[in-house]
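Below, each chain spelled out in residue letters.
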Amino acid sequence: MATVRLSFSPAPVHVRTARLVGVAVARRAGVREDLLDEVRLAIGEACTRAVALHRQYGLADPVLVEMSDAGVYAVRVVDRAPIEAGIGLAALDADQLANESLNEDDLTTGVGFALLAGFVEDLQVRPVEDGIGTEVRMVWPVNR
Amino acid sequence: MELSLATRTVGEHTVLEVGGEVDVYTAPRLRERLLELIDAGARHVVVDLGRVDFLDSTGLGVLVGALKRLRTADGTFALVCDKEPLLKIFRITALDQVFPLHSTVEAATGAGA
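The rules behind each value
- Residues numbered from 1 in each chain as written.
- Chains lettered and ligands numbered in written order.
- Predicted model: local features only at pLDDT ≥ 70, side-chain atom pairs only at ≥ 80, totals over all residues.
- Heavy atoms only, no water.
- UniProt positions renumbered as here; feature names shortened; annotations may be inferred.
- Helix = DSSP H or I, 4+ residues; strand = E, 2+ residues; numbered from the N terminus.
- Buried < 20%, exposed > 50% of the residue type's maximum accessible area, 1.4 Å probe, protein only.
- Contact = heavy atoms within 4.5 Å.
- Areas by Shrake-Rupley, 256 points an atom, 1.4 Å probe, with all protein chains shown as cover.
- Buried area = accessible area lost by both parts, 1.4 Å probe.
- Salt bridge = Lys/Arg side-chain N within 4 Å of Asp/Glu carboxyl O.
- Polar contact = N/O pair within 3.5 Å; in protein donor to acceptor, adjacent residues only side chain to side chain.

- Per an unreviewed UniProt entry, chain B is named Anti-sigma factor antagonist, and its organism is Micromonospora craterilacus.
- Within the UniProt record for chain B, the comment given under Function (unreviewed entry) is "Positive regulator of sigma-B activity. Non-phosphorylated RsbV binds to RsbW, preventing its association with sigma-B. When phosphorylated, releases RsbW, which is then free to complex with and inactivate sigma-B."
- Reading the Sequence similarities (unreviewed entry) entry of the UniProt record for chain B gives the comment "Belongs to the anti-sigma-factor antagonist family."

- As annotated in an unreviewed UniProt entry, chain A is ATP-binding protein from Micromonospora craterilacus.

1. Description of the overall build of chain A
Step number 1: Summing up its helical and strand segments, chain A has five helices and five strands in all.
Step number 2: When the helices and strands of chain A are read in sequence order from the N terminus, they spell out β-α-α-β-β-α-α-α-β-β.
Step number 3: Within chain A, the proportion of its 144 residues that are buried is 48%.
Step number 4: Residue pairs in contact within chain A that sit at least 24 positions apart in sequence constitute 65% of those at least 6 positions apart.
Step number 5: Here chain A displays about 6900 Å² of accessible surface, and carbon together with sulfur accounts for 51% of that area.

2. Regarding the interface of chain B and chain A
Step number 1: On the chain A side, the residues contacting the 29 residues of chain B number 27 residues.
Step number 2: Together, the buried faces of chain B and chain A total about 2300 Å²; carbon and sulfur atoms form 60% of this surface.
Step number 3: Together, Phe 54, Ser 57 and Lys 68 of chain B form the three largest contributors to the area buried by chain B at its contact with chain A, with a combined 25%.
Step number 4: Counting every contact that joins chain B to chain A gives six salt bridges.
Step number 5: Arg 40 of chain A is paired through a salt bridge with Glu 21 of chain B; the nearest N and O atoms lie 3.5 Å apart.
Step number 6: Taken together, chain B and chain A are joined by seven residue pairs in polar contact (both at pLDDT 80 or more).

3. Points about the pattern of salt bridges
Residue and element names in this part refer to chain B.
Step number 1: Tallying each qualifying case throughout the model produces 19 salt bridges over all chains.
Step number 2: The partner of Glu 84 in a salt bridge is Arg 91, and the shortest N-O contact between them spans 2.5 Å.
Step number 3: Classification of Glu 84 as partly exposed rests on a relative accessible area of 42%.

So, in structure tokens, the structure goes:
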């Protein structure tokens, strides 16, 4: 059961709000203080990715963020873009990052995925169960 | 905290001091400022991240874009950063192998970065 649910129109300006709410709920849930920077970054990256996909596909649907603290702190960020766009992301290595031909959007996507994978031990990217879209699910331990 | 941008000159280097949060909303302003500097003739650019308290993939993409643009123009681009949380971001993304990273502006400008 989600304890806090937030949905926002897919505009960059709202990603900061999602980060702030996500960290506030994490703190309240009992996530360790030294993990909160990583929580903030990971939620921001997942929401940035969702906003980018909605804009790429011209979707006005809101991005959904669900936060629950039943035993662990679990965050789901749900987009409504076609599945093939959201799955199969890959982190880039240093040579690819410095490659002159790589455009900024692709680079940002690769870097964003590297940050998610690097900062979230328990990370899943999978199709949503209802309808079109993908969900990024991130889990952090809580101290209770 | 809002993005803040301030420019100063140290020898032949243009130092851009960035503060606040660099994310998907504010990064376009950083991109615009860097392009303005480069278009105005700056060829040795140092971006001081000392007062940045949040940096995401969009901001990193903008910095890589500036690095590539200056390389093409026979210029140089370096970053100043001594905050561990930000340094960790550079390590995780392997961008610490792409950017010259310095702990102080003096090191970045004195090293001929």
